[in-house]
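Geometric and topological summary
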Amino acid sequence: MKIKRLELKNFRNYREEKIELPSGASVFLGQNAQGKTNILEAVYYAALGRSHRTSADVELVRWEEREALLSLDFFRMDAENQLEFRFFRESRRKIFRNGAPILMKDLVGTVNVVLFSPEDLLLVKGAPAGRRRFLDMEISQIDPSYFYDLAVYTRLLSQRNTLLKRVRDGEADESEIPLWDVQMIPRAVNLIRKRIEAVKKMDGFASRTHREISGGKENLSLRYELHGADGEESGSMTKDLFSWYNEKLAESIRLDIMRGVTRFGPHRDDLALLVNGADLRSYGSQGQQRTGVLSLKLAELAFFREETGEYPILLLDDVMSELDRDRREKLLSFIRGEKLQALITATDEAYFPSGSFGNFFDVSHGTVTAR
Ligand code: ATP
Ligand code: MG
């Protein structure tokens, strides 16, 4: 996958900017607050239909302007396509593909990206929600039906929780709960199945890259953790998942009503990372956790390539300064070796090997200049 051209009009601090993007690595250099992340944000938005920094699209519109435009020419398996987003201060954004209006559900998966930003360095150490999000964003991009199931599940779950509270408070009858459950359970099971499958695939990639990054010293493995099942059960669960989940909900119904929340389901599961058998989330050193994140991101790239036939666009926001020299070089040589398109932001060009690494752009006050 390759982006050829990016156009921004009144997007964040850009007035009117057209950026021709070469293959391989493009490095955007500039001081703080010049608009480097805004470029990556635009590409991320084109892939997921939302920003990674805000859920309010209106923030994307340049101050004092009423409308903004983001347009992207890209190649997917050698076929050229165009995506366009129009943002309005007073109404909802509109999406167009090759000139025709499309809906959000038709957008996801059109452009694939993997974003790696400093916040991701907390992916291993941080709360389970971050790891679930990681899986959700990844699988959604290769499987639109996953994205759809996730949206429906999230809605049904919140309705179920409201109902649980009403039952608790004597405002609704318990017999209504199964009516939600028959809709919710199949969605939940779909999500879990696909997550287990994706984690299995990524496990192989992650363990290979991790061994290499750690100089052969460490073995990384990934495991999907079903909340409420012990480790062994999760692994062999795929076929009986449906009845297992039914039983879990039934078993928990009294407590669920009392608390007004659903205790079991994909919204409570987690991704476990084990290094030489020990849980990286709780026992890893800071350095090991960072290496784990890097391995996970590289595994994600390999996963996309396997599933879609080509690498996604890699967006690296300010991570060079966060990685030590060794990990930085591993990452840069991966990008160079695999010839994937990467958009990289940095404040300092010293992080990049002198000579032939990529193309450089200077970013200053919302203008981009190719060197
Ligand atoms: P850093 O190195 O600190 O990460 P950066 O170059 O990545 O900086 P960006 O986050 O891309 O910076 O851009 C931030 C700039 O964009 C800020 O100056 C901010 O005030 C400006 N900005 C953000 N949203 C808007 C908007 N809607 N209209 C105008 N300017 C905006
Ligand atoms: Mg930035």
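In short, a report on the structure.

Cut-offs and rules
Residues numbered from 1 in each chain as written. Chains lettered and ligands numbered in written order. Predicted model: local features only at pLDDT ≥ 70, side-chain atom pairs only at ≥ 80, totals over all residues. Heavy atoms only, no water. Helix = DSSP H or I, 4+ residues; strand = E, 2+ residues; numbered from the N terminus. Buried < 20%, exposed > 50% of the residue type's maximum accessible area, 1.4 Å probe, protein only. Contact = heavy atoms within 4.5 Å. Polar contact = N/O pair within 3.5 Å; in protein donor to acceptor, adjacent residues only side chain to side chain. Pairing = 2+ DSSP bridges. Axes fitted to C-alpha atoms, helices over the stretch in contact; angles between N-to-C directions. Near = heavy atom within 4 Å. Phe/Tyr/Trp six-rings, centres within 6.5 Å; stacked < 30°, edge-to-face > 60°. Lys NZ or Arg CZ within 6 Å of the ring centre and 35° of its normal. Salt bridge = Lys/Arg side-chain N within 4 Å of Asp/Glu carboxyl O. Core = buried A, V, L, I, M, F, W, Y, C linked by side-chain atoms within 4.5 Å. Domains from an automatic or database assignment.

Attention now goes to the environment of Asp149. Following the sequence through the fold, Asp149 ends up in helix α4 (residues 144-168). Classification of Asp149 by relative accessible area gives buried; the value is 5%. Taking C-alpha positions, Asp149 is 7.6 Å from Asn190, a pair spaced 41 residues apart along the chain. Sequence-distant contacts of Asp149, that is, excluding residues within four places in its chain, are made with Arg187, Asn190 and Leu191. Separated by 3.1 Å, the side chains of Asp149 and Asn190 make a polar contact.

Below, the discussion takes up the sheet that holds strand β7 (residues 100-102). Think of a sheet as strands paired side by side through backbone hydrogen bonds, with each pair either parallel or antiparallel. On the basis of which strands lie adjacent, the open sheet formed by 6 strands has the order β2-β1-β4-β5-β6-β7 and antiparallel pairing. Among the strands making up the open sheet, the edge pair consists of β2 (16-20) and β7. Here the strands of the sheet are splayed against their neighbours by 20° on average, with no regard to which way each runs. With 7 bridges connecting them, strand β1 (residues 2-9) and strand β4 (residues 67-76) associate as antiparallel partners. Bridge pairing in β4 links Ile3 to Phe74.

Our focus in this paragraph is the site of ligand 1. Taken together, the neighbourhood of ligand 1 is formed by 16 residues, with Ala33, Lys36, Thr37, Asn38 and Glu59 sitting nearest. At 2.7 Å, a backbone N or O of Ala33 approaches an oxygen atom of ligand 1. Contact between ligand 1 and Val61: a nitrogen atom at 2.9 Å from a main-chain N or O atom of the residue.

Applying the stated criterion across every chain, the model contains 10 aromatic pairs. With a centroid separation of 4.9 Å and an interplanar angle of 15°, the aromatic rings of Phe28 and Phe361 are classed as stacked. Residue Phe28 is located in strand β3 (residues 25-29), and its partner Phe361 is located in strand β14 (residues 359-364); the two are separated by 333 residues in the primary sequence. With respect to burial, Phe28 and Phe361 carry one shared label: buried. An angle of 10° between the planes, with centres 6.5 Å apart, marks the rings of Phe85 and Phe87 as stacked. Neither Phe85 nor Phe87 differs from the other in exposure class; each is buried. Members of the aromatic cluster, each reached through a chain of ring pairs, are Phe11, Tyr45, Phe85 and Phe87. The lysine or arginine in question, Lys248, covers the ring of Phe264, its NZ or CZ lying 4.9 Å from the ring centre.

This part covers the pattern of salt bridges. Applying the stated criterion across every chain, the model contains 37 salt bridges. In this structure, Arg15 and Glu65 form a salt bridge, with 3.3 Å as the shortest nitrogen-oxygen distance. In this pair, Arg15 sits in the loop between β1 and β2 while Glu65 sits in the loop between α1 (36-48) and β4, placing the two residues 50 residues apart along the sequence. Given the relative accessible area of 48%, Arg15 is considered partly exposed. Overlapping salt bridges, with partners in common, bring together Arg131, Arg223, Glu225, Asp270, Asp279 and Arg281 in one network.

Looking now at the nonpolar core. Counting 70 residues, the largest nonpolar core has Leu222, Tyr245, Leu316, Ile335, Ile344 and Phe352 as its most contacted members. Considering every element that reaches this core, the biggest residue donor is helix α5 (residues 177-213), with 13 residues. Taken domain by domain, this core gets at least three of its residues from each of domain 1 (1-112 + 312-371) and domain 2 (120-309). Once residues within four sequence positions are removed from consideration, Tyr245 is found in contact with Tyr153, Met184, Ile185, Ala188, Val189, Phe264, Gly265 and Pro266. Of all hydrophobic cores here, the second largest spans 40 residues; its members include Leu21, Phe28, Leu60 and Ala68.

Assignment of secondary structure puts Pro266 in the loop between α8 (253-259) and β10 (270-275). With 79 residues separating them along the chain, Pro266 and Arg187 place their C-alpha atoms 9.6 Å apart. Ignoring anything within four residues of it in the chain, the contact list for Pro266 reads Arg132, Tyr153, Ala188, Leu191, Ile192, Arg195, Tyr224 and Tyr245.

Purely spatial values, then, with no claim about function.
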